[in-house]
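One-letter residues, chain by chain:
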Amino acid sequence: MQWTDRIRQVKIFLVVAAILIAVASMLVSRYLTRDLAEQERSKMQVWAEAMKSLSAADENTDLSLVLKVLDENHTIPVVVLDSDGTVTEYRNIEIKARNGKDSTNYVTSLGQQLKASGQVIRISLSKNHNDYIDVCYDDSLMLKRIAIYPYVQLGVVMLFVIVAIFALLTSKRAEQNKVWVGLSKETAHQLGTPISSLMAWTTILKETYPEDELLPELDKDVKRLQLIADRFSKIGSIPEPVPSSLNEVLNHVVDYMDRRTSKKIEMRTVLPADDIIINLNASLFEWVIENLCKNAVDAMGGKFGSITLRLEETDKRAIVEVIDTGKGIKKKDIRNVFRPGFTTKDRGWGLGLSLAKRIVEEYHHGKIYVKSSEVGKGTTFRIELRKE
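Under the annotation held in an unreviewed UniProt entry, the protein carries the name histidine kinase and is attributed to Prevotella melaninogenica. Per UniProt, the protein carries the Catalytic activity (unreviewed entry) text "ATP + protein L-histidine = ADP + protein N-phospho-L-histidine."

Residues Leu246, Phe285, Ile289, Cys293, Ile307, Leu309 and Ile383 are the most contacted members of the largest nonpolar core, which totals 39 residues. Examining the composition of this core, we find that nine residues originate from one element, helix H7 (residues 282-300), more than from any other. Counting 14 residues, the second-largest nonpolar core is a separate cluster that includes Met44, Val80, Ile133 and Val135.

Axis separation between helix H6 (residues 246-258) and H7 bottoms out at 10 Å; the angle between their running directions is 45 degrees. Judged by the angle between their axes, H6 and H7 are oblique. Along this stretch, H6 crosses H7, giving a crossing that reads as right-handed. Of the residues in H7, those touching H6 at Leu246, Val249, Leu250, His252, Val253, Tyr256 and Met257 are Ala282, Phe285, Glu286, Ile289, Glu290, Cys293, Lys294 and Val297. Here the residues of the contact of H6 with H7 are counted per class, giving 11 nonpolar, one polar and three charged.

Backbone geometry places Asn92, a non-glycine residue, at a positive phi of 55 degrees. The residue Asn92 is located in the loop between strand S2 (87-91) and helix H3 (100-116) in this model. The backbone phi angle of His365 is positive, close to 55 degrees, even though this residue is not glycine. Counting through the fold element by element, His365 comes out in the loop between helix H9 (352-363) and strand S10 (367-374). Take His365: its relative accessible area is 46%, and that puts it in the partly exposed class.

A separate point is the packing of H7 against H9. Two numbers describe how H7 lies on H9: the axes approach to 10 Å, and their chain directions differ by 145 degrees. Judged by the twist between their axes, the crossing of H7 over H9 is left-handed. Touching Leu284, Trp287, Val288, Asn291, Leu292 and Asn295 of H7 are Gly352, Leu353, Leu355, Ala356, Ile359, Val360 and Tyr363, all from H9.

Let us now look at the environment of Thr325. Looking at where Thr325 falls in the secondary structure, it is placed in the loop between strand S9 (317-324) and helix H8 (331-334). Relative accessible area serves as the criterion here: at 38%, Thr325 is assigned to the partly exposed category. Leave out the neighbours within four places in its chain, and Thr325 touches Met300, Gly305, Ser306, Lys377 and Gly378. In terms of polar contacts, Thr325 uses its side chain to reach the backbone amide nitrogen of Ser306, at 3.0 Å.

Reading the values: the criteria
Per-chain numbering applies: the sequence of each chain, read as written, is numbered from 1 onward. Where totals are concerned, whole chains, interfaces and linings use all residues; where local detail is concerned, this predicted model gives features only for residues with pLDDT of at least 70, and gives and counts side-chain atom pairs only at 80 or more. Each side-chain value is worked out from all heavy atoms of the structure, with water and hydrogens disregarded. UniProt positions are given in the numbering used here, feature names are shortened, and annotations may be inferred rather than shown by experiment. Residues grouped as a nonpolar core are buried Ala, Val, Leu, Ile, Met, Phe, Trp, Tyr and Cys residues, joined through side-chain atoms within 4.5 Å. Relative accessibility under 20% of the residue-type maximum defines a buried residue, over 50% an exposed one, and the middle range a partly exposed one, all with a 1.4 Å probe and only protein chains included. A run of DSSP states H or I qualifies as a helix once it reaches four residues; a run of E qualifies as a strand once it reaches two. Both are numbered from the N-terminal end. For every element, the axis is a line fit to its C-alpha atoms; helices are fit only across the contacting stretch, and the angle between N-to-C directions ranges from 0 to 180 degrees. Any angle from 65 to 115 degrees is called roughly perpendicular, while one under 35 is roughly parallel, one over 145 is roughly antiparallel, and all others are oblique. Throughout, a crossing is termed right-handed when the near helix is turned clockwise from the far one, and left-handed when it is turned anticlockwise from it by less than a right angle. Only heavy atoms matter for contacts: two residues are in contact if any of them lie within 4.5 Å across the pair. Classification used: nonpolar for Ala, Val, Leu, Ile, Met, Phe, Trp, Tyr, Cys and Pro, charged for Asp, Glu, Lys and Arg, polar for all others including Gly. N or O atoms closer than or at 3.5 Å make up a polar contact, with two conditions inside protein: a donor-capable atom paired with an acceptor-capable one, and, for residues adjacent in sequence, both atoms drawn from side chains.

Written out as structure tokens, the structure is:
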């Protein structure tokens, strides 16, 4: 609980910090943009007055200062239109792959757009105001960059927050995994003593009552407990795959399930005559098939049905299919069946298929998926393992 609260507090802090940084950045950028825009407009007013002086100059006018002002503009795009809308001058306009009439039309269109947007300074050349020029200007490249800078910064801050939260969640998940691994190993350790005792008592009972028909079944159950304890002890460690017979694995599952399920359910196998040998951890893979079979039993709901384990191989893969005649899976649920916590049962953690997927894909480098499912008719799970 303390870890969860700390994670929540850190996430809230990161989000609040990101919002404050973004708001501060936008305010500063807004003020900078406004001030720079005012400066550029002032420069354009001076530039427009210089254009007016140039238009009204005669042969005795000293134009050195006027020309210097006009030539000083190297950053602000400007288009000068006369009273007829004809371009008389333009500067700092980047014209790509345009020439002749096309470039003239482009500059004219740009000038009209700037004029329509209000970025224009009108200079009258006569007292009756019929003769004038419109100095149309655009924002400089620097002003445009400053305007978009806070959004770029906001994106960087949000990316940082996302990465930080992901790292925290990953750390939390890793810590939880360590707890589960520790509990699993401790469970296996605690089971070891009573299982050893049961094995000893089973041996004594066999010697005392050699003809008792129930003792072989008791022996199987004790060995089953030993297998479960062994599985718990291996959680958190990478299992070592060894050459194993898939035929034997499936036969073991059928033998175990057949004795512990209702007589209404028929366990079937469709196996090739020759053994299919694959590098795998037989104990874990057997658990995967058992889990699929138990889910199939639950899907039957106590009704008559069958579970078929089919095994076949191709040149590169061994294929195992678990086919049941249960209630099937709804289409909207098929993509979620392997998601941790997903379950359609009234009781259960929804971890079985998630763990099965992990065992098949991470430990055996194979694939497991729902091959087909139809509501009211049944489901087929398919496992594909690479042959090495």
